[in-house]
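Listed below are the residues making up each chain.
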Amino acid sequence: MDFLFFLQDVLNGILMGSIYGLVALGLTLVFGVLKVINFAHGSFLMVSMYVAYWVVALTGLHPYPAIILVAPIMYAFGYLLQQWLIRPIFVAERDVREPITVIIVTTGVWYVLDNLALLLFGPDYRALTPNPLKGEMIEMGEILISTPKLFGFVITMLTAGGLYWFLQKTRMGRAIRATSLDRDAASLMGISQWKIFNVAFGIGTALAGIAAVVLVPVYNIYPTVGVPFDVKSFVIVVLGGLGSIPGALLGGVIIGLIESIGPNFMTSTWTEAIVYGLFLLVLFFKPSGLFGQKYDW
C-alpha cells in the first residue's frame, strides 16, 4: 500500500472520527449528569439537521454561521423535553439513581421523532442547494483534505474546549459537575438538581445541533439519518468512558481510523465487525472505558 494513500486515509479517519466524537459529546454529557443513556440522541441529531437545513435555506446563511441559530433552538428543544417529559419520571423515581424508565421513554421519543419526520418531510433525501462546500478540497502536495471535514475538526476542537472550560470554570459548570458526582449532596448545598438536569439535557441537545451543522454540508438529510450516528455514539462513549469528554473524542477518532483504514485490507463488513468486536472487548476487560474513572467527571 502506497504511503501517501495510507497517510491520506489516516487524516480522513482522524477528521471524520473527530466529527463522530462531536456527535457523541452530547450523549456523554447527558449520561454524566442524569446517569441514563439517551437513546433518542440520534433523533435529536436528525431534528437538528432538518433545522440546520431550513435555517440555511430560508436565511441564505453559510452553513457554519447557522450554528448561532441552530444551537439555541436545539438547546430550548432539549430543555423543554427534559422539563415536560423526562423530569416527571425522575420525580416519580427519585430514589433510583439510574431509572430504567427514562431509557424506555427516550427509546419511545426516538421512534416518535423519526416517524414524525417521515410524516412531515417524506422519505426523500434532502441536501443543501446550493452547497458552497460541496466537493471542496485542500491540496497538500499529493494529499487531498476535505474542506468540510477539516472545518468539522476545527469546530469539534473548539466545541470540546469550550465545553471543558464551561464545566471547569463557570458557576453553572461546577454545579453540573457537583450534581453528576452526588446529586443529593449538591441539593444540600443549594443546587437545584432539576434545573441542572434541564440545563445539561439542553446543552447535550445543543451539542447535537452543532454536530448537525457540521454534517449538513456532507450528508444527505432524511428521517432515519440519525440511527447510524446513534449507534456509533453509544459505541464511542463506551470506548472512551461514559461521561468523559476526552474519551468521546478519542473514541470517535478510533472508530474513524478503523473505518478509513480498514477497507484497504478487508471488506467493509469486517471493518464493522472490528468496531463492534473492540466495543465488546472494552466492555469485557475495562467496562469503565479508556478514560473511565471512579467518578463521572
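Residues numbered from 1 in each chain as written. Predicted model: local features only at pLDDT ≥ 70, side-chain atom pairs only at ≥ 80, totals over all residues. Heavy atoms only, no water.

Novice: Would you explain the overall build of the protein in this entry?
Specialist: In terms of helices and strands, the protein carries 11 helices and two strands. Relative to its full complement of 297 residues, the protein shows a buried share of 50%. Of the contacts made within the protein by residues no fewer than 6 positions apart, 78% connect residues no fewer than 24 positions apart. When the accessible surface of the protein is totalled, it reaches about 14,100 Å², and 69% of it is carbon and sulfur. Counting 16 positive and 16 negative side-chain charges, the protein places the averaged centre of each group 14 Å from the other. (Helix = DSSP H or I, 4+ residues; strand = E, 2+ residues; numbered from the N terminus. Buried < 20%, exposed > 50% of the residue type's maximum accessible area, 1.4 Å probe, protein only. Contact = heavy atoms within 4.5 Å. Areas by Shrake-Rupley, 256 points an atom, 1.4 Å probe, with all protein chains shown as cover. Lys, Arg positive; Asp, Glu negative; His and termini not counted. Charge placed at Lys NZ, Arg CZ, Asp CG, Glu CD.)

Novice: Which parts of the structure should I look at to understand helix H11 (residues 268-285)?
Specialist: Because the α-helix completes a turn every 3.6 residues, residues three or four places apart line up on one side. With 18 residues, H11 extends 26 Å from end C-alpha to end C-alpha; this agrees with the ideal 26 Å at 1.5 Å per step. Buried within H11 we find Thr-271, Val-275, Phe-279 and Val-282. All buried residues of H11 lie within an arc of 85 degrees about the axis, which places them on one face of the element. Set apart from the buried face of H11 by more than 90 degrees, the exposed residues are Thr-269, Trp-270, Leu-280, Phe-284 and Phe-285. Lining the buried residues of H11 we find helix H9 (226-240) and helix H10 (245-261). (Expected span 1.5 Å × (residues − 1). Arc of directions from axis to C-beta.)

Novice: Please explain the pairing of strand E2 (residues 143-146) as it appears in this structure.
Specialist: Along a regular strand, successive side chains alternate from one face of the sheet to the other. Sheet topology note: the strand E1 (residues 137-140)/E2 ladder contains four bridges and is antiparallel. The residue of E2 that forms the bridge with Glu-139 is Leu-144. The antiparallel pairing of E1 with E2 creates a hairpin that spans two residues between the two strands, and Gly-141 there sits at a positive phi of about 70 degrees. (Pairing = 2+ DSSP bridges.)

Novice: Please clarify how helix H1 (residues 3-34) should be interpreted in this entry.
Specialist: The first and last C-alpha atoms of H1 sit 45 Å apart over 32 residues, in line with the 46 Å expected at 1.5 Å per residue. Of all the bends in H1, the greatest, near 35 degrees, is centred on Ala-24. Lys-35, located one to two residues past H1, shows a positive phi value of around 65 degrees. (Bend = angle between axes of the 7 residues up to and from the residue.)

Novice: Any chance you could explain unusual backbone geometry here in plain terms?
Specialist: Excluding glycine, residues mostly have negative phi values, and the peptide bonds linking residues are mostly trans. In this structure, Lys-35 takes a positive phi of about 65 degrees despite not being glycine. Its location among the elements puts Lys-35 in the loop between H1 and helix H2 (41-59).

Novice: Even after reading the chapter, I still don't get the layout of surface pockets, so can you show me in this structure?
Specialist: The method is simple in principle: a probe with the dimensions of a water molecule rolls over the atoms, and the space it marks as empty is what remains. Taken as a whole, the second largest pocket holds about 170 Å³ of empty space. As for the second largest pocket, its lining consists of Arg-171, Met-172, Ala-175, Gly-190, Ile-191, Ser-192, Lys-195 and Ile-196. Broken down by secondary-structure element, the contributors of at least two residues to the lining of the second largest pocket are helix H6 (171-181) and helix H8 (193-215). It is H6 that contributes the most residues to the lining of the second largest pocket, three residues altogether. Of the residues that constitute the lining of the second largest pocket, the class distribution is four nonpolar, two polar and two charged. (1 Å grid on protein atoms, 1.4 Å probe; cavity = no way out; pocket = protein on both sides within 12 Å on 5 of 7 lines; lining within 4 Å. Points joined across faces, edges and corners; volume = space filled by probe spheres on them. Nonpolar A, V, L, I, M, F, W, Y, C, P; charged D, E, K, R; others polar.)

Novice: How should I be thinking about the packing of H1 against H10 in this particular structure?
Specialist: What describes two packed helices is the angle between their axes and the distance between those same axes. Running from amino to carboxyl end, H1 crosses H10 at an angle of 140 degrees, the nearest separation of the two axes being 6 Å. Here H10 runs oblique to H1, going by the angle between their axes. Considering how the two elements wind past one another, H1 and H10 form a crossing that is right-handed. Residue composition of the contact of H1 with H10, grouped by class: 13 nonpolar, nine polar and two charged. (Axes fitted to C-alpha atoms, helices over the stretch in contact; angles between N-to-C directions. Parallel < 35°, antiparallel > 145°, perpendicular 65-115°, else oblique. Left-handed = near helix turned anticlockwise from the far one by under 90°.)

Novice: Help me out: how do you make sense of the packing of aromatic side chains in this one?
Specialist: What characterises a pair of aromatic rings is the spacing of the ring centres plus the angle enclosed by the ring planes. By the definition in use, this model includes 16 aromatic pairs. Ring geometry for Tyr-50 versus Phe-121: centroids 4.3 Å apart, planes at 15 degrees, classification stacked. Here Tyr-50 is found in helix H2, whereas its partner Phe-121 is found in helix H4 (residues 100-121), with 71 residues between them in sequence. In this structure an aromatic cluster arises from ring pairing among Tyr-50, Tyr-53, Trp-54 and Phe-121. (Phe/Tyr/Trp six-rings, centres within 6.5 Å; stacked < 30°, edge-to-face > 60°.)

Novice: Teacher, can you tell me more about a nonpolar patch on the surface here?
Specialist: Together, Phe-3, Leu-4 and Phe-6 make up a nonpolar patch on the protein surface, roughly 280 Å² of accessible area in all. Within the secondary structure, Leu-4 is located in helix H1. (Patch = residues over 30% accessible without salt bridge, like charges linked within 9 Å, V, L, I, M, F, W, Y side chains within 5 Å. Salt bridge = Lys/Arg side-chain N within 4 Å of Asp/Glu carboxyl O.)

Novice: What exactly am I supposed to notice about the environment of Arg-87 here?
Specialist: Assignment of secondary structure puts Arg-87 in helix H3 (residues 67-92). For Arg-87, a relative accessible area of 26% translates into the label partly exposed. Placed 98 residues apart in sequence, Arg-87 and Ala-185 show a C-alpha to C-alpha distance of 19 Å. Those residues in contact with Arg-87 that lie beyond four places of it in its chain are Gln-82 and Trp-194.

Novice: Mind showing me how you'd approach the pattern of salt bridges here?
Specialist: Note that side chains of opposite charge can pair when their charged atoms are close. If you walk through the whole model with that rule in mind, you get one salt bridge. Residue Glu-259 pairs with Lys-232 through a salt bridge whose shortest N-O separation is 3.3 Å. Separated by 27 residues along the polypeptide, Glu-259 in helix H10 and Lys-232 in helix H9 bring together distant segments of the chain.

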